[in-house]
Amino acid sequence: MKKIEAIIRPEKLEAVKDSLGKFGIHGMTVYQVMGCGTQRGWTEVYRGREYSINLLPKVKVEIAVPDHQVEEVVKLILEVARTGEIGDGKIFVSNLEDAVRVRTGERGEGAL
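Each chain has its residues counted from 1, running along the sequence as written. Local features in this predicted model are restricted to residues whose pLDDT is 70 or higher, and side-chain atom pairs enter the listing and the counts only when it is 80 or higher, whereas totals over whole chains, interfaces and linings include all residues. Side-chain figures throughout are based on the complete set of non-hydrogen atoms in the structure, without hydrogens or water.

A. Region of interest: helix H1 (residues 13-23). A simple rule labels every residue: compare its accessible area, found with a 1.4 Å probe on the protein chains alone, to the largest value its type can have, and call it buried under 20%, exposed over 50%, or partly exposed in between. Numbering of helices and strands runs from the N terminus; a helix is a DSSP stretch of H or I covering at least four residues, while a strand is a stretch of E covering at least two. The set of residues buried in H1 consists of Leu13, Val16, Ser19 and Leu20. Looking straight down H1, one finds its buried side chains confined to an arc of 135°; they lie on one side. The contact rule is simple, with two residues in contact once any of their heavy atoms fall within 4.5 Å. Buried residues along H1 sit in contact with strand E1 (2-8), strand E2 (29-35), strand E5 (56-65) and helix H2 (70-81). Backbone geometry just downstream of H1 places Gly24 in the positive-phi region, at approximately 100°. This arc is built from the directions going out from the helix axis to the C-beta atoms.

Next comes the structure, spelled out in structure tokens:
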């Protein structure tokens, strides 16, 4: 099993959610986060003072998937979330040692 963490633009969340749903993935955790990378924010002027905004709003989507679905899910997120501009986000894939469904006690891929 793998955990896929995708940090994307907030306006792309619904499209990613819809695409994952069509693919058969309905379980996910979504966070509103702030971050910076290559984009480094921007500078604005407010009441004559210049200030820098370097932490930008993003959305983090976490999904647990079986090993055989990883490449398809990553490709799907890339296709839907990409605008081609700086600030599109990142996708991280890491190993999941185990998963347990609290309601039934199922373990492993059956818990997903």
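That covers the picture; the talk isn't over yet.
B. The arrangement of H2 in detail. Here a helix's expected span is defined as the number of its residues, less one, multiplied by 1.5 Å. With 12 residues, H2 extends 16 Å from end C-alpha to end C-alpha; this agrees with the ideal 16 Å at 1.5 Å per step. Among the residues of H2, Val70, Val73, Val74, Leu76, Ile77, Val80 and Ala81 are the ones counted as buried. Along the axis of H2, the buried residues cluster in a sector spanning 160°; they form a single face. Pointing more than 90 degrees away from the buried face of H2 are the exposed residues Glu71, Lys75 and Glu79. For H2, the elements touching its buried residues are E1, H1, E5 and strand E6 (89-95).

C. Representation of the pairing of E1. Two strands form a pair only when DSSP identifies at least two bridges running between them. The pairing of E1 with E5 spans seven bridges and is classified as antiparallel. Pairing of Ile4 across the sheet is with Ile63, part of E5. In this sheet, E6 lies alongside E1 in antiparallel orientation, the contact comprising seven bridges. Each residue of the ladder has a partner; that of Ile7, found in E6, is Lys90.

D. Representation of the UniProt feature "modified residue: O-UMP-tyrosine" (unreviewed entry) in the protein chain in the model. UniProt positions are given in the numbering used here, feature names are shortened, and annotations may be inferred rather than shown by experiment. Mapped onto this structure's residue numbering, the UniProt feature "modified residue: O-UMP-tyrosine" (unreviewed entry) falls at Tyr51. If you trace the backbone, Tyr51 turns up in strand E4 (residues 49-53). Taking relative accessible area as the criterion, Tyr51 reaches 36% and is therefore assigned partly exposed.

E. Representation of the sheet that holds E2 in the model. Read across the sheet, four strands follow the order E2-E5-E1-E6 without closing on themselves; strand pairing throughout is antiparallel. With one partner strand each, in any of the chains shown, E2 and E6 form the two edges of the open sheet. The average undirected angle you get between the axes of adjacent strands in this sheet is 20°. Across seven bridges, E2 lies against E5 in antiparallel orientation. Of the residues in E5, the one forming a bridge with Val30 is Val61. Axis definition: a line fitted to C-alpha atoms, over the contacting stretch in the case of helices. Angles run 0 to 180 degrees between N-to-C directions.

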